[in-house]
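# Observations on chain architecture
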Amino acid sequence: MQRRWTLLACALLLLTAAACGGADDTDTAGGLPASAGGSQVCVPSAVTPSAAPSGAAATPAVAEVQAFLGTLTESQRTQALHDDVLDAKRCSWSSRPDGEFTGRTGLRLGDLGDAQQAAALAALRGVLSAGGYAKVLRLMDAEDGGRDGFHIALFGQPSGTQRWTLQFGGPHLAVHVTTGGGTVSVSPYFSSAPPAATTASGRADKPSARRSPSREPSPDVFALFKSLTIEQQAGARLPGTYDDVVMGPGADTGYPVRAGLPYPRLDAGQQAMVRAVIKGLVGDAAAELAQPLLDLYATQLDQTTIGYAGTADPRSENAYFRIDGPRLWLEWASTPAGGLHQHALYRDKQLDYGTGAG
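One structure accompanies this document, and this report is about it. (Residues numbered from 1 in each chain as written. Predicted model: local features only at pLDDT ≥ 70, side-chain atom pairs only at ≥ 80, totals over all residues. Heavy atoms only, no water.)

Turning next to the side chain of Q116. Checked against the element boundaries, Q116 lands in helix 4 (residues 114-126). Judged by its relative accessible area of 12%, Q116 falls in the buried class. Leave out the neighbours within four places in its chain, and Q116 touches F68, T71, L72, T73 and Q76. (Helix = DSSP H or I, 4+ residues; strand = E, 2+ residues; numbered from the N terminus. Buried < 20%, exposed > 50% of the residue type's maximum accessible area, 1.4 Å probe, protein only. Contact = heavy atoms within 4.5 Å.)

What follows is the structure, encoded as structure tokens:
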């Protein structure tokens, strides 16, 4: 009897795989469905997020993007809108400012008029969650030049029926959202906080409301690692040391072999923390884009590992944390370059830029 029910469950799951659904018992704290676990789980081998909800709900910000394009001159429109799709072979994002990186494309916010800049930010807001948009504003406002040094570019024709990408970025930030034509991709996504400002004498400035460094990444990342037992820490420890993320700008292929502590070896509370941490980055995208991906990653949690190197203290150099699944790749690193600060990175190994990673 048990075998008959198991086979029936597998059949039903395969019939509904296109919905990319996870378990029904969504974890309300983390927003990511809990993995069922155990040998009876049936996980389709080729589930993709391409079967996102159809229609306008699956393609947010089309109206906002078209409104933004409507504010531009012909020359500006040519700079902002690219007819072809963005792919991994044309990586144009970096954690560095314009003076140190010349590969960015699109329009610089500082070169736009007030109404145009507001329209550009409205387009960005349309593809992000409220929390994700607030985070992006905090990161921009913490930079020396404020929002002026950030760029917006569009690839493909924004619509609900054709794939298109909104790329937004500048120092310490890179946002890629691809949607339309059944495609859902919200990676690569890089976020960071600049180091605390310093005076000419090298002393730290008194933080102001505008210049104070962001609290990103979430302290929940480090709380998770502090919750590990001695035995779990041994299983999660990665060899070597890291002074930055591994799969950052320019590293579109060559993911390391999966290592670390398997998700099933965590207790229920720790597993809930993992799901919350995942949503903390993936969920910066608009819910209708993020949820199909979160559902997919939930089906793969039993094949996912967590790992760390250095320490679990974000105030220490070389503190490094990773969540690695069949598709999901998350990294956090405390980097000393230019002053101690944290880098956070989310990538999808198969669907970065909406086209795949290689």
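Under the definition given, this model contains eight aromatic pairs. Here the aromatic rings of Y242 and Y320 are separated by 4.0 Å at their centres, their planes lie at 10°, and the arrangement is stacked. In this pair, Y242 sits in the loop between helix 7 (230-236) and strand 8 (261-262) while Y320 sits in strand 10 (residues 320-324), placing the two residues 78 residues apart along the sequence. When the centroid spacing of 4.9 Å and the interplanar angle of 20° are considered together, the rings of F321 and W332 count as stacked. Of this pair, F321 sits in strand 10 while W332 sits in strand 11 (residues 328-335), and the two are eleven residues apart along the sequence. Here the aromatic residues F225, Y308, F321 and W332 are joined through ring pairs into a cluster of three or more. (Phe/Tyr/Trp six-rings, centres within 6.5 Å; stacked < 30°, edge-to-face > 60°.)

When you tally the buried positions in strand 4 (residues 164-170), you get seven out of seven residues, the bulk of the element. Covered by surrounding structure in strand 4 are W164, L166, F168 and G170 together with T165, Q167 and G169, the residues of both alternating faces. Here five bridges tie strand 3 (residues 151-155) to strand 4, and the two strands are oriented antiparallel to one another. Residue pairing in the sheet places L154 in a bridge with L166 of strand 4. Direction of pairing for strand 4 relative to strand 5 (residues 173-180): antiparallel, over a ladder of seven bridges. Its bridge partner being in strand 5, G170 is matched across the sheet by L173. Once strand 4 ends, the chain turns through two residues before running back antiparallel as strand 5, passing H172 with a positive phi of about 65°. (Pairing = 2+ DSSP bridges.)

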